[in-house]
Amino acid sequence: MRLRFLGIIPNTPDTDSPTIWLDEESGDLLIQSYTATENEVKACQEIGSISGHSTAVPDHETIIRLPKVMRQFLPPHDSE
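Everything quoted here is computed from the prediction, not taken from an experiment. (Residues numbered from 1 in each chain as written. Predicted model: local features only at pLDDT ≥ 70, side-chain atom pairs only at ≥ 80, totals over all residues. Heavy atoms only, no water.)

K.L.:
Any chance you could explain the overall build of the protein here in plain terms?
P.N.:
Looking only at helices and strands, the protein has one helix and five strands in total. In sequence order, the secondary structure elements of the protein are arranged as β-β-β-β-α-β. Since a compact globule built from 80 residues should have a radius of gyration of about 12 Å, the 15 Å found for the protein marks it as more spread out than a globular shape. Taken along its principal axes, the extent of the C-alpha atoms in the protein is 35 × 35 × 20 Å. In the protein, which comprises 80 residues, the proportion classed as buried is 16%. The contacts of the protein with a sequence gap of at least 6 include a subset with a gap of at least 24, amounting to 41%. (Helix = DSSP H or I, 4+ residues; strand = E, 2+ residues; numbered from the N terminus. Rg over C-alpha atoms; globule rule 2.2 N^0.38 Å. Buried < 20%, exposed > 50% of the residue type's maximum accessible area, 1.4 Å probe, protein only. Contact = heavy atoms within 4.5 Å.)

In structure tokens form, the structure reads like this:
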């Protein structure tokens, strides 16, 4: 895995630091951010995604909250 640092929340203290990295081999993003609250997870589950798809969050997944200011570090979508 070869990671490239994309960004950290501006004016972050030494702790509490949402950060984004790009796996240059797979194109995946690795995101450190705030864990969604129970109410936020429930709201996501109520809205759902696609018809018939489970709204359960598997043990190997999580829902995070990415602050708006961090969107500037998301790489543009590239068609492959």
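K.L.:
How do you make sense of the pattern of salt bridges when you look at a structure like this?
P.N.:
Two side chains carrying opposite charge are able to pair once their charged atoms lie near each other. In this structure the tally under the stated criterion is four salt bridges. Between Arg-4 and Glu-24 there is a salt bridge; the shortest N-O distance is 2.6 Å. Here Arg-4, found in strand S1 (residues 3–8), pairs with Glu-24, found in the loop between strand S2 (19–23) and strand S3 (29–32); they are 20 residues apart in sequence, far enough to count as distant. Relative accessible area serves as the criterion here: at 33%, Glu-24 is assigned to the partly exposed category. Note that Lys-42 and Glu-38 form a salt bridge whose closest N and O atoms lie 3.2 Å from each other. Of this pair, Lys-42 and Glu-38 are both found in helix H1 (residues 38–47), four residues apart, which corresponds to roughly one turn of the helix. Relative accessible area serves as the criterion here: at 41%, Lys-42 is assigned to the partly exposed category. (Salt bridge = Lys/Arg side-chain N within 4 Å of Asp/Glu carboxyl O.)

K.L.:
Could you clarify how one ought to interpret the sheet that holds S3 in this entry?
P.N.:
For sheets, the rule is that strands pair by backbone hydrogen bonds, running either parallel or antiparallel. The sheet built from three strands is open, its strands ordered S1-S2-S3 with antiparallel pairing. Both outer strands of the open sheet, S1 and S3, are each paired with one neighbouring strand and no more. If you compare each strand with its neighbour and ignore which way they point, the axes differ by 20° on average. Pairing between S2 and S3: four bridges, direction antiparallel. Looking at the pairing, Leu-22 lines up with Leu-29 of S3. (Pairing = 2+ DSSP bridges. Axes fitted to C-alpha atoms, helices over the stretch in contact; angles between N-to-C directions.)

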